[in-house]
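Coordinate inspection notes
So the chains spell out like this:
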Amino acid sequence: MSDRTGVLFVCLGNICRSPMAEGIFLHLAEARGVWGRFDVDSCGLGSWHVGERPDARALATAARHGIELPSIARKVHPRSDFDRFDLLLPMDLENRARLLEIGAPPSRVRLVRSFDPSLVGRPEGEMLVPDPYHGGDEGFERVFEMLERACAGLLDQLSIASR
Ligand code: 4NP
C-alpha cells in the first residue's frame with residue numbers, strides 16, 4: 001500500500017473532463033507544495049479513445065490557464081484501480097452508476113463537484129460536470145472552472161484530513 005492518497009478522476013471518454021481534472025489537481029497540488037502526497041490519475045469508462053492525448057479543446061483551455069494535461073487515455077481497470085485509489089471521482093451520475101456496477105467500493109465513490117464548497121447541501125443534479133465533447137469551446141471553459149473549484153475544495157479537505 002502507498003502512503004500517498006490515491007485520487008482517480010473518472011469520465012466517459014478520458015479525453016475531456018477527467019484529464020482536465022487530473023491536470024488541474026496536479027497543478028494546484030504543486031502550487032501548494034503537496035504534489036508528492038498524492039497518487040493522481042484519470043481514466044474512462046469507454047474504450048473509444050484509449051491511447052489518445054486529451055481533446056484539442058481540453059488542451060487549449062487548460063493551456064490558456066497555464067496548465068498542461070499529462071493524460072494518455074485509458075480505460076478503468078476495475079480490480080487494480082479499486083485497490084490503488086482511495087477516491088474514485090466520477091463527473092456525473094452515469095459515470096457513478098457505471099463505476100458502482102463494475103464493483104467500485106461505494107464508500108470511495110464521490111461526485112467530483114461534491115468537493116466544491118459552494119455546492120455543499122445542493123441537490124446532486126446541480127453537482128454534475130456536463131460532457132463538453134459535442135459542444136463548443138465555451139463548454140470547455142465552463143467545465144474547467146467547475147473542475148478548478150472542485151479540485152481546490154478537494155485539496156482543502158484532503159489537507160485537513162492529513163493534518
Ligand atoms: P469525456 O468526454 O467523457 O469528458 O472524455 C467524451 C469524449 C468522447 C466521447 C464521450 C465523452 N465519445 O463518445 O467518444
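Use the structure listed above.
Read on for an overview of the structure. (Residues numbered from 1 in each chain as written. Predicted model: local features only at pLDDT ≥ 70, side-chain atom pairs only at ≥ 80, totals over all residues. Heavy atoms only, no water.)

Let's shift gears to the sheet that holds strand β1 (residues 5-11). Picture the strands of a sheet paired through backbone hydrogen bonds; they go either parallel or antiparallel. Pairing is parallel across the open sheet formed by three strands, whose spatial order is β2-β1-β3. Both outer strands of the open sheet, β2 (38-44) and β3 (87-90), are each paired with one neighbouring strand and no more. Across the sheet, the mean angle separating the axes of adjacent strands is 20° when strand polarity is ignored. As paired strands, β1 and β3 are joined by four bridges and run parallel to one another. Paired with phenylalanine 9 across the strands is leucine 89, a residue of β3. Sheet contacts for helix α4 (residues 93-101): β1 and β3; angle to β3, the most-contacted strand, approximately 140°. Lying on the sheet, helix α5 (residues 137-161) is in contact with β1, β2 and β3; it crosses β1 at an angle near 155°. (Pairing = 2+ DSSP bridges. Helix = DSSP H or I, 4+ residues; strand = E, 2+ residues; numbered from the N terminus. Axes fitted to C-alpha atoms, helices over the stretch in contact; angles between N-to-C directions. Contact = heavy atoms within 4.5 Å.)

Attention now goes to the environment of glycine 121. Looking at the element boundaries, glycine 121 is found in the loop between α4 and α5. Separated by 28 residues in sequence, glycine 121 and arginine 149 place their C-alpha atoms 16 Å apart.

Counted by the stated rule, this structure contains two aromatic pairs. Judged by centre distance (5.2 Å) and plane angle (85°), the ring pair of phenylalanine 25 and phenylalanine 38 falls under edge-to-face. In this pair, phenylalanine 25 is assigned in helix α1 (residues 17-31) and phenylalanine 38 in strand β2, connecting sequence segments 13 residues apart. The same class applies to phenylalanine 25 and to phenylalanine 38, which are both buried. (Phe/Tyr/Trp six-rings, centres within 6.5 Å; stacked < 30°, edge-to-face > 60°. Buried < 20%, exposed > 50% of the residue type's maximum accessible area, 1.4 Å probe, protein only.)

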